[in-house]
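Summary of structural features
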Amino acid sequence: MQDLSGQTLGQYRIIEPLGRGGMASVFRAYQPALDRYVAIKVLPPYYAHEPGFTERFEREAKSVAQLNHHHILPIYDYGQEGDYSYIVMQYVEGGTLHALLTGQPMPPHETVRYIGEIASALDYAHGRGILHRDVKPANILLDRGRDRWSLLSDFGLARMIEGTSALTGSGVGIGTPRYMSPEQGQGMEVDHHTDIYSLGVMLYQMATGRVPFDAETPFAIVLKHISDPLPMPSTVNPDVPEGVERVIIKAMAKEPENRFDSAGEMAGALKEAVEKGGVIAPEPVPEDSRAPIEIGATGDAPTLRKGVSSPPAPETAASTQVETGRERGLPGWVWALGGALALLVVVVLFVMVDGGLFVLSDKGGDEKAEIDNTGTTQAVTSPEPPTATTEPVSATPTPAPSDVAEAIVPTTSAPPTDVPTPHPLAGVLPLYKLEGHEEAVLGVAFSPDGATLVSGSEDRSVRLWRVSDGSLLQTLWHERVTGVAFSPDGSLLASTSTGGPGVKLWHTGDGSPVEGFGEDERTVNGVAFSPDGKSLAVTSWNSVRLLRLSDGEVLRTFEGHESSVVAAAFSPDGETLASASWDSTARLWRVSDGMLLQTIQHAGRVEDVAFSPDGETIATASGDEVRLWQVSDGSLLRQFEGHSGYVECVDFSPDGETLVSGGIDSTVRLWNVSDGSPIRTLEGHDAHVVSVAFSPDGVTIASGSRDSTVRIWGIERT
């Protein structure tokens, strides 16, 4: 397809190409009416001349546009102009899951996270009768501004072109060979189980670092999915736990009815397997499998972790057999065709292994597939789908019909055992579950008097709650809220966003916006008020900016980070600023002149940072630990271990004796600062805990989660 840069489709002005695939090309475009950038997927013009295409395109586009799920890439609009049919989508910046799969196993907590997120999107679509039919890492966009939040794209695209003359003939399969189910590869009728199979292939790749089936031609790959036994994941990566392996086996069963009934069921089984160290109760071998499944020696299964893959065992070994195509009684034409591969030339009309459309046909054609130096067959120079950036939306959302605080019957947690150092915290009472948000709650903060709690969510709302009874006081609106903070005197409230404007200031008395402030259109990840209340620190892509509160003027920019800066905190005296970044560092800066004082290196990205009340130490959340550092020299004082997966947030109690943290294991944990020992583990959230805060008096904790709720916990002290 030609470059459409500079042209206009409907109300959208094409800016530049983002990517080109076998089924469509994608461009970045500008929509003047809403002053935002969007991504436009444009189908080749020859489809417009196919009988029935226009009706099918409109029907499928309208159906997919109705999908409204937080892990499905939103479709804003669609249309046709001349011979061009196009779909308008959210523009997301951050790459794809494909880019994270570098040939090595993915850490278990990330695997569980991404499989769970995509599974929820698939179940939502399946429940509305919509299949994806091309689930693969390259179709999963990661939103950089939302902690690499996954968004499944390209729903309905394969369906739109189905039935065109390019796809007629015998033996047609639409999808990507490496992730294609056996029934899809044979051109048979498919149901939601085909997407579950593809998700199983993704899980196999995450666990081992490679896809289960590969070959020199797409046709040969499809035949392997149909007829070859599944190479056991543990023969590729010995560190794959038994329980995880069984999840993969079931998801990739040759017969659809032997797979999981839903993607959510598969994700749940995976989470259980990882949480239990990979050991789960054995399931019956599918009836269509004649060979026994031999997982290996019993005993303590290793945890799923990143490691060096060992060469796969021969696929014909008894220990690797799950089910074979001949035992399943595949049609004779498959075996005849397979046996004749050495003699016949396979005609492939369109092929894009990691980036698009796959078609088998007995018709002739002139198109040629190219083999790159990695052995990937593709029809385009760039297999990566386009990525996009979030955009401002001017429409004001309608408040949720119910904003309720669910009172929780207080039950004092059981006292801990073997706590080395006495601690004044005696117990924790779960007080309220605050409901009303519809998406992840990325920020929580208490007012200086402790009477009010503010929460900010990706659902574009900022909500103020009365702490004493959990009642909703007020709802304000801002694009995809990433952070919230009260001014030291409690008169102002700041919220930040990845959708623009980057920062908004509100009067807490009546909820009115502060005029003349908040016109900054940058993506902002977090916010902190200076202790004197005269300035505001906001974090963005690779810097922290200090804004004058009176007019929003940039006073100083702290530069040096090499990736997103996601959090910042002032020292109690206001002289030092700490920043946390995904470049694996926390940095300390002198506020007066922006001088870098310390660079504190971590092994992985740093998600949060907090100053102790005395200003002598900082706590950081990175990897599966909280770490305590000396401010004066950047030395490591202590590590707090216990979370199973990334720690997303951390805060000090006002007396400095306790740390609170939240993580992707859905728990809130309390720690003894003096010796690093665990005090309490608070359970109740159903998804990642991404924000925590102590009240100013230290008697209350608030936690925000990706389950869209806020929980308030009461502290009992000795």
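Please read all numbers here as calculations on a predicted model, not as lab measurements.

**Description of the overall build of the chain**
Within the chain, the regular secondary structure consists of 11 helices and 40 strands. In the chain, buried positions account for 59% of the 718 residues. Taking all contacts inside the chain whose residues are at least 6 apart in sequence as the whole, residues at least 24 apart take part in 58%.

**Brief notes about the confidence of the model for the chain**
Residues at a pLDDT of 70 or more form 73% of the chain, whose mean pLDDT is 78. Overall, residues 163-172 carries pLDDT values under 50, and its contacts beyond four positions in sequence, including any with other chains, amount to 29 contacts. In the predicted structure, residues 408-420 sits below a pLDDT of 50 and forms 25 contacts with residues beyond four places in sequence or in another chain.

**Quick notes on the packing of aromatic side chains**
Taken as a whole and judged by the stated rule, the model has 4 aromatic pairs. Ring plane angle 75 degrees and centroid distance 6.4 Å describe the contact between Tyr-12 and Tyr-86, whose orientation is recorded as edge-to-face. Residue Tyr-12 is found in strand E2 (residues 12-20), and its partner Tyr-86 is found in strand E6 (residues 84-90); the two are separated by 74 residues along the sequence. Accessibility assignment for this pair places Tyr-12 and Tyr-86 in one class, buried. Where Tyr-30 meets Tyr-37, the ring centres are 5.4 Å apart and the plane angle is 55 degrees; that geometry is what we call tilted. Here the basic side chain of Arg-36 rests over the ring of Tyr-76, its NZ or CZ set 4.0 Å away from the ring centre. A cation over an aromatic ring shows up here: Arg-605 above the ring of Trp-582, its NZ or CZ 5.0 Å from the ring centre.

**With respect to the sheet that holds strand E16 (residues 452-457)**
What the 4 strands build is an open sheet, ordered E15-E16-E17-E18; its pairing is antiparallel. With partners counted over all chains shown, the strands left at the sheet margins are strand E15 (441-446) and strand E18 (472-477), one partner each. For this sheet, the mean inter-axis angle between neighbouring strands, taken without regard to orientation, is 15 degrees. Relative to strand E17 (residues 461-466), E16 is paired through 5 bridges, and the arrangement is antiparallel. Opposite Thr-452, over in E17, you have Arg-466 as the bridge partner.

**Quick word on the sheet that holds strand E29 (residues 596-601)**
Sheets are built from strands that pair by backbone hydrogen bonding, the pairs being arranged parallel or antiparallel. Taken in spatial order, the 4 strands make up an open sheet running E26-E27-E28-E29, and their pairing is antiparallel. Each having just a single partner strand, strand E26 (565-570) and E29 make up the two edges of the open sheet. Strand after strand, the sheet turns through a mean of 15 degrees between neighbouring axes, direction not considered. Across 5 bridges, strand E27 (residues 576-581) lies against strand E28 (residues 585-590) in antiparallel orientation. Residue Ala-580 lies in a different strand from E28, and its bridge partner there is Ala-586.

**Some thoughts on the pairing of strand E24 (residues 543-548)**
Here E24 lies mainly inside the structure; 5 of its 6 residues are buried. The pairing of E24 with strand E25 (residues 554-559) spans 5 bridges and is classified as antiparallel. Directly across from Ser-543, in E25, lies its bridge partner Glu-559. Linking E24 back to E25 in an antiparallel pair, the connection comprises 5 residues, with Gly-552 at a positive phi of about 80 degrees.

**Points about the environment of Phe-570**
Summarising the element assignment, Phe-570 is placed in strand E26. In this structure Phe-570 comes out as buried when scored by relative accessible area, which is 10%. Sequence separation between Phe-570 and Val-609 is 39 residues; the distance between their C-alpha atoms is 9.9 Å. Look past the residues within four positions of Phe-570 in its chain and what remains in contact with it is Ala-528, Phe-529, Ser-530, Pro-531, Ser-535, Ala-537, Leu-546, Thr-576, Leu-577, Val-591 and Phe-611.

**Overview of helix H6 (residues 193-208)**
With 16 residues, H6 extends 22 Å between its outermost C-alpha atoms, agreeing within 8% with the 22 Å of an ideal straight helix rising 1.5 Å per residue. By the criterion of burial, H6 is predominantly enclosed, with 16 of the 16 residues buried. Of the residues flanking the end of H6, it is Gly-209, one or two places downstream, whose phi is positive at about 95 degrees.

**Considering the side chain of Ser-495**
Structurally, the position occupied by Ser-495 is in strand E20 (residues 492-497). In this structure the side chain of Ser-495 is engaged in a polar contact, spanning 2.8 Å, whose partner is the side chain of His-478. Of the polar contacts made by the side chain of Ser-495, one reaches the side chain of Trp-506; its length is 3.0 Å. Those residues in contact with Ser-495, other than ones at most four positions away along the chain, are Val-462, His-478, Val-481, Gly-483, Val-484, Gly-502, Val-503, Lys-504 and Trp-506.

**Details of the pattern of salt bridges**
Considering all chains together, one arrives at 18 salt bridges under this definition. One salt bridge in this structure joins Arg-669 and Asp-665, with 3.3 Å as the shortest N-O distance. Neither Arg-669 nor Asp-665 differs from the other in exposure class; each is buried. In the salt-bridge network here, residues are joined through shared partners; they are Arg-460, Glu-479 and Arg-480.

**Details of helix H7 (residues 218-227)**
The element H7 is largely enclosed, with a buried count of 9 among its 10 residues. Three or more residues of H7 are buried, namely Pro-218, Phe-219, Ala-220, Ile-221, Val-222, Leu-223, His-225, Ile-226 and Ser-227.

**What to know about the packing of helix H3 (residues 108-126) against helix H10 (residues 263-275)**
It is at 8 Å that the axes of H3 and H10 come closest, and there the two elements cross at 165 degrees. Classified by the angle between their axes, H3 and H10 sit roughly antiparallel to one another. In the crossing of H3 with H10, the sense of the turn from one axis to the other is left-handed. Within the contact between the two elements, H3 uses Pro-108, Thr-111, Val-112, Ile-115, Gly-116, Ala-119, Leu-122 and Asp-123 and H10 uses Ala-263, Gly-264, Met-266, Ala-267, Leu-270, Lys-271 and Val-274. Classifying every residue of the contact of H3 with H10 gives 10 nonpolar, 3 polar and 2 charged.

**A look at the side chain of Thr-235**
As for its position among the elements, Thr-235 is in helix H8 (residues 233-236). Judged by relative accessible area, which is 17%, Thr-235 ranks as buried. Polar contacts involving the side chain of Thr-235 include one to the main-chain carbonyl oxygen of Met-232, which spans 2.6 Å.

**What about the nonpolar core?**
Membership of the largest hydrophobic core comes to 64 residues, with the highest contact counts inside it found for Phe-155, Leu-199 and Met-266. Ranked by the residues each element gives to this core, the list is headed by H6, at 9 residues. Beyond its immediate chain neighbours, meaning those up to four positions away, Leu-199 contacts Ile-115, Ile-118, Ala-119, Leu-122, Val-135, Ala-263 and Met-266. Counting residues in hydrophobic clusters, the runner-up holds 15 residues, among them Ala-567, Ala-569, Ala-586 and Trp-629.

**Structural notes on the packing of H3 against H6**
The relative placement of two packed helices is expressed as an angle between their axes plus a distance between the axes. In the contact formed by H3 and H6, the axes pass within 11 Å of each other and the chain directions differ by 175 degrees. It follows from the interaxial angle that H3 and H6 lie roughly antiparallel. The segment H3 lies against H6, with Thr-111, Tyr-114, Ile-115, Ile-118, Ala-119, Leu-122 and His-126 engaging Asp-195, Leu-199, Leu-203 and Met-206. For the contact of H3 with H6, the residue count by class is 8 nonpolar, 2 polar and 1 charged.

About the cut-offs
- In this convention, every chain numbers its residues from 1, walking through the sequence in written order.
- Reporting in this predicted model follows two pLDDT cut-offs: at least 70 for local features of residues, and 80 or more for side-chain atom pairs to be given and counted; totals over whole chains, interfaces and linings ignore these cut-offs and use all residues.
- Each side-chain value is derived from all of the structure's non-hydrogen atoms; neither hydrogens nor water enter the calculation.
- Helix numbers and strand numbers start at the N terminus; a helix is a DSSP run of H or I with at least 4 residues, a strand a run of E with at least 2.
- Only protein chains enter the calculation, and the probe is 1.4 Å; a residue is then buried if its accessible area is under 20% of its type maximum, exposed if over 50%, and partly exposed in between.
- Two residues qualify as a contact provided that any one of their heavy atoms is within 4.5 Å of a heavy atom in the partner residue.
- pLDDT measures how confident the predictor is about each residue, on a scale from 0 to 100.
- Put simply, two rings from Phe, Tyr or Trp (the six-membered ring, in Trp's case) pair if the centres are within 6.5 Å, and we call them stacked under 30 degrees between planes, edge-to-face over 60, tilted for the rest.
- The criterion for a charge sitting over a ring is simple: Lys NZ or Arg CZ within 6 Å of the ring centre, and within 35 degrees of the ring normal.
- Note on pairing: two strands pair once DSSP finds at least 2 bridges between them.
- To define axes, lines are fitted to C-alpha atoms, for helices over the stretch in contact only, and angles between the resulting N-to-C directions are given on a 0 to 180 degree scale.
- Expected helix span is given by 1.5 Å per residue-to-residue step, counting one fewer step than there are residues.
- Nitrogen and oxygen atoms within 3.5 Å of one another constitute a polar contact, given that in protein one can donate a hydrogen and the other can accept it, and given that sequence-neighbouring residues count only through two side-chain atoms.
- A carboxyl oxygen of Asp or Glu within 4 Å of a side-chain nitrogen of Lys or Arg is what we treat as a salt bridge.
- Throughout this description, any angle smaller than 35 degrees is read as roughly parallel, any larger than 145 degrees as roughly antiparallel, any in the 65 to 115 degree range as roughly perpendicular, and the remainder as oblique.
- In this scheme the handedness of a crossing depends on how the near helix is turned from the far one: anticlockwise by less than a right angle means left-handed, clockwise means right-handed.
- Each residue gets one label: Ala, Val, Leu, Ile, Met, Phe, Trp, Tyr, Cys and Pro are nonpolar, Asp, Glu, Lys and Arg are charged, and the others, such as Gly, are polar.
- We call a set of buried residues a nonpolar core when its members are Ala, Val, Leu, Ile, Met, Phe, Trp, Tyr or Cys and they connect through side-chain atoms within 4.5 Å of each other.

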